[in-house]
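Summary of the model geometry
As a plain string of letters, each chain reads:
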Amino acid sequence: MNAAASWFGRVLKGFGMFWWDFLVGDTPEITVVVLLILGVVALASEVGHLNVLAYVALPVLAIAALTISVARARRTKP
Amino acid sequence: MLATVSASTTTVVLVLAVFLAASVEMVEALTIVVAVGHTRGWRSALEGTGVAVLALAALVAIFGPALVRVPLNPLRLVVGAVLLIFGLQWLRKAILRSAGYVGMHDEDAIYEKTVASLRAEGKSVGRDRVAFVVAFKGVFLEGTEIVVAVLTLGTSAHRLGLAITVAAIAVALIAIIGVIVARQLSKVPENLMKMSVGVMLVSFGTFWTGEGLHVRWPGDDTMLLVLVVLYALVVAVAIRLARKPSALATGHA
């Protein structure tokens, strides 16, 4: 029973680590801005019914995420 | 008429994205398998590859039909967000490589490194466990990225069968080329391919995140092409602005 629980724990931890590395890894700024995108676009589209703002904000914020991430990498890799 | 053009736009971008993503990951996996095969023998290398391919096929068989049953809007929202993160990570890496901040992915260097570390291991008698594990890990890890691209793009576009077929063709083509040219995989313009895939993943991610949140895109699916052009331009400008003076001198692409 204990062996099975420990095996299951290891699998669960490995699964969690895989997704953490995959979605966050060494670029947490990208994940944070994508979560921000979801919030802003959901507010604009679903709550405020501001369709134009929603479809403009989406790519603009994605470009901002890329810019921030590249700038951060340039600072750490002189 | 407009609906037909929109649908074919999605299909063309989907086919291109899956084909390039599968090709670029297959080049990386093949480099490892060829290094293992040449150094420690082909039997265990091919066994490791075969088991990894079966494991990847099982992932598609398990998650593919399950994802197809998820309602389209929530699926596109989750897949869109994942593709945005995944695609932006690819673009960041490609920009930093082109700008000279990170070394280009060098298949020859990876080949030599893998060969050196495999030679350092003692030879096994009978089935070579080291060769099996290295080949399995190489194929499974690179293959997981192909599986993620196939499942996310295929299910969200309701074209899972097409995505699987295109990925299989890309993998088979690269395998054939790999067999013919053996170690000349370094000639593949990997960074340019990664950049193109990144642009398409971010475009799909943007489009489907919007669809999942009930955004009405002007021009419907045709907007996907506009996004591809927009992100490609942004990447070109970013490389120019971020480029290191030393990269300019050595002529990084």
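Before any of the text, the structure's been laid out above.
1. A look at the overall build of chain B
Summing up its helical and strand segments, chain B has nine helices and zero strands in all. Reading the helices (α) and strands (β) of chain B from amino to carboxyl end gives α-α-α-α-α-α-α-α-α. Within chain B, the proportion of its 253 residues that are buried is 47%. Taking contacts inside chain B between residues at least 6 apart in sequence as the whole, the part at least 24 apart equals 89%.

2. Examining helix H5 (residues 129–156) of chain B
Residues and elements named next belong to chain B. In a regular helix each residue adds 1.5 Å, so 28 residues correspond to 40 Å; H5 covers 39 Å between its end C-alpha atoms and thus fits that length. Along H5, 20 of the 28 residues are buried, which leaves the element largely enclosed by surrounding structure. Residue His-158 follows H5 closely and has a positive phi angle near 60°.

3. Considerations on helix H6 (residues 160–181) of chain B
All names here are of chain B. Across its 22 residues, H6 extends 31 Å between first and last C-alpha, which sits within 8% of the 32 Å expected from 1.5 Å per residue. Within H6 the residues assigned to the buried category are Ala-163, Val-166, Ala-167, Ala-170, Val-171 and Ile-174. Buried residues of H6, seen end-on, are gathered within an arc of 130° and therefore sit on one face of the element. Opposite the buried face of H6, at more than 90 degrees from it, the exposed residues are Gly-161, Ala-172, Ile-176, Val-179 and Ile-180.

4. With respect to the interface of chain B and chain A
With 25 residues of chain B at the interface, the matching set in chain A holds 25 residues. Secondary structure elements with two or more residues in the side of chain B that touches chain A: helix H3 (72–98), helix H7 (190–212) and helix H8 (223–242) of chain B. No other element matches H3 of chain B, which puts nine residues into the side of chain B that touches chain A. When its residues are assigned to classes, the side of chain B that touches chain A shows 18 nonpolar, five polar and two charged.

5. Here's the deal with the packing of H3 of chain B against H5 of chain B
Residues and elements named next belong to chain B. At a closest axis distance of 10 Å, the pairing of H3 and H5 adopts a crossing angle of 140°. Taken together, the axis directions place H3 and H5 in an arrangement best described as oblique. The chirality of how H3 crosses H5 is left-handed. Each of Leu-75, Arg-76, Val-79, Val-82 and Leu-83 in H3 lies in contact with H5, whose residues at this interface are Thr-152, Thr-155 and Ser-156.

6. Some points on the nonpolar core
All names here are of chain B. Membership of the largest hydrophobic core comes to 93 residues, with the highest contact counts inside it found for Ala-17, Val-18, Leu-91 and Ala-135. Broken down by element, this core gets its largest block of residues, 18 residues, from helix H1 (residues 2–40). When near neighbours in sequence (up to four residues on either side) are disregarded, Val-18 contacts Ala-149, Val-150, Leu-153, Ala-163, Val-166 and Ala-167.

Rules and cut-offs
- Residues numbered from 1 in each chain as written.
- Chains lettered and ligands numbered in written order.
- Predicted model: local features only at pLDDT ≥ 70, side-chain atom pairs only at ≥ 80, totals over all residues.
- Helix = DSSP H or I, 4+ residues; strand = E, 2+ residues; numbered from the N terminus.
- Buried ≥ 20, exposed ≤ 12 C-beta atoms within 10 Å, placed from the backbone.
- Contact = placed C-beta atoms within 7 Å.
- Expected span 1.5 Å × (residues − 1).
- Arc of directions from axis to C-beta.
- Nonpolar A, V, L, I, M, F, W, Y, C, P; charged D, E, K, R; others polar.
- Axes fitted to C-alpha atoms, helices over the stretch in contact; angles between N-to-C directions.
- Parallel < 35°, antiparallel > 145°, perpendicular 65-115°, else oblique.
- Left-handed = near helix turned anticlockwise from the far one by under 90°.
- Core = buried A, V, L, I, M, F, W, Y, C linked by C-beta atoms within 7 Å.

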